[in-house]
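Examining the three-dimensional arrangement
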Amino acid sequence: MLSARHTPGNDCGTSDGDHDDGNHESASAPETPTAVLAVFRCAAQPPSPQSSPRQAKLSARYLVRAAPRSLHYIPALFTPTESAALLQKVYACKACPPWTSLRSRRAKTVGAVVVGAKYENENENEHPAERGRENKETTRGVIRYPFPPWLETVVDRVMQTGVSWGEQADGEEQAVRPNSCLVNEYAVGQGIFAHRDGPAFHPLVATVSLGGTGVLELEKAEKLDDDDTDNSREPTQSSILSPCSVFLEPGSLLVLSGEAYESWTHAMPPREEDFGPFANAGALSGGDHGNADSDGVWHQRRRRRREATRVSLTLRRVAGEVNRDAAADVLAKIKGRFGRR
Ligand SMILES: O=C(O)CCC(=O)C(=O)O
Ligand SMILES: [Fe+2]
């Protein structure tokens, strides 16, 4: 099991990615209750406004300059063959919980699961009134299930890029692995509403795309936390202020950290066709999804039909303190659902 480091700003608090749907509590319990290793109390604690947003330590060549800081796009981290094999693993995974069907996608959380959460926008039907809203959950615990081996190999590859989920308590530079993975499945025409992932997964999430293509639209959050209006804050580090779109190819990795994580919403509009310009057009790997013509000129405004179901693996890290009451509660629920083993 991975150790649960408690790093500032990395507490369980708000979870926006799977938040919307109560995905954690009801359908996320893997079928093996023995996998429960610990339950933690989460102290909702937004990142300190004084500290500059933590940026992912990734090669500058992956930085998307036409997007808010700090968004990195790594094309072709997985080959088409590897991506196809991973898709099979996702669908065949016996150690993973069942899918939760949502309004415009299916989702499941593999690994550490936030439980007892109440989300302001729990009811996704309220969308689009919820647009851009950050969840204020009253999370009470986290259950740590291990990742299945195939997911650990995904993490290994992702971490080769230099991505790390926080620093060790002693300040030593050492890679910290993610412990939770939100798996989203979007049929062609489906998507996810605008949200921020919030303090639960701060300071960073990294998403592997498999199957079909997708587009993430980023927009500066309209309603920022009080702290964000503090004049004494450092000037914005964002290179841009207007909304932008990022094209996501299968096999790619997208890393959101810094302001892109904290102050911008991201959404995948539910549609069958996407339009440029794409902020990462110059970084796309090409091939079947290429935008470049024979002269290498990028056609940023080209239409892109979504042709296949897209599956994304969003790697995150959750931390928290032991909460024995929540543990007892959760274990009782799991036993009730799956019976004693
Ligand atoms: O599917 C994606 O690429 C984005 C998923 C996402 O934003 C989330 O789960 O929080
Ligand atoms: Fe998200």
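In case you missed it, the structure is sitting above this.
Remember, it's a predicted structure, so these values are computed and weren't measured experimentally.

Counting its regular elements, the protein contains 4 helices and 17 strands. Buried residues in the protein amount to 47% of all 341 residues. For the protein, the proportion of contacts with a sequence separation of at least 24, taken over those separated by at least 6, is 87%.

With that settled, the discussion passes to the pairing of strand β4 (residues 105–111). The two faces of a sheet get side chains in turn, since along a regular strand they alternate between them. With 7 of 7 residues buried, β4 lies mostly within the body of the structure. Judged from the 3 bridges that link them, strand β3 (residues 100–102) and β4 form a sheet pairing that is antiparallel. Residue pairing for β4: Ser-101 is matched across the bridge by Arg-106.

Looking now at the sheet that holds strand β13 (residues 264–268). One open sheet holds the 4 strands; their spatial order is β8-β13-β10-β11, and the pairing between them is antiparallel. Two strands in the sheet have a free side with no partner beyond their single neighbour: β8 (192–195) and β11 (244–248). In this sheet, adjacent strand axes meet at a mean angle of 20° when their direction is disregarded.

A few words now on the environment of Pro-270. By secondary structure assignment, the location of Pro-270 is in the loop between β13 and β14 (273–275). By the C-beta count within 10 Å, which is 16 here, Pro-270 ends up partly exposed. Along the primary structure Pro-270 and Ser-104 are separated by 166 residues, whereas in three dimensions their C-alpha atoms are 7.2 Å apart. Apart from residues lying up to four places away in sequence, Pro-270 is in contact with Ser-104, Gly-189, Gln-190 and Gly-191.

Our focus in this paragraph is the sheet that holds strand β7 (residues 180–186). Across the sheet, 7 strands lie side by side as β2-β12-β9-β16-β7-β4-β3; this open sheet has antiparallel pairing. Two strands close off the open sheet at either side, each with one partner strand: β2 (71–74) and β3. Pairs of neighbouring strands in the sheet enclose a mean axial angle of 20°, with direction left out of account. Sheet analysis places β2 next to strand β12 (residues 253–257), joined by 4 bridges and oriented antiparallel. Its bridge partner being in β12, His-72 is matched across the sheet by Val-255.

What counts as what
Residues numbered from 1 in each chain as written. Chains lettered and ligands numbered in written order. Predicted model: local features only at pLDDT ≥ 70, side-chain atom pairs only at ≥ 80, totals over all residues. Helix = DSSP H or I, 4+ residues; strand = E, 2+ residues; numbered from the N terminus. Buried ≥ 20, exposed ≤ 12 C-beta atoms within 10 Å, placed from the backbone. Contact = placed C-beta atoms within 7 Å. Pairing = 2+ DSSP bridges. Axes fitted to C-alpha atoms, helices over the stretch in contact; angles between N-to-C directions.

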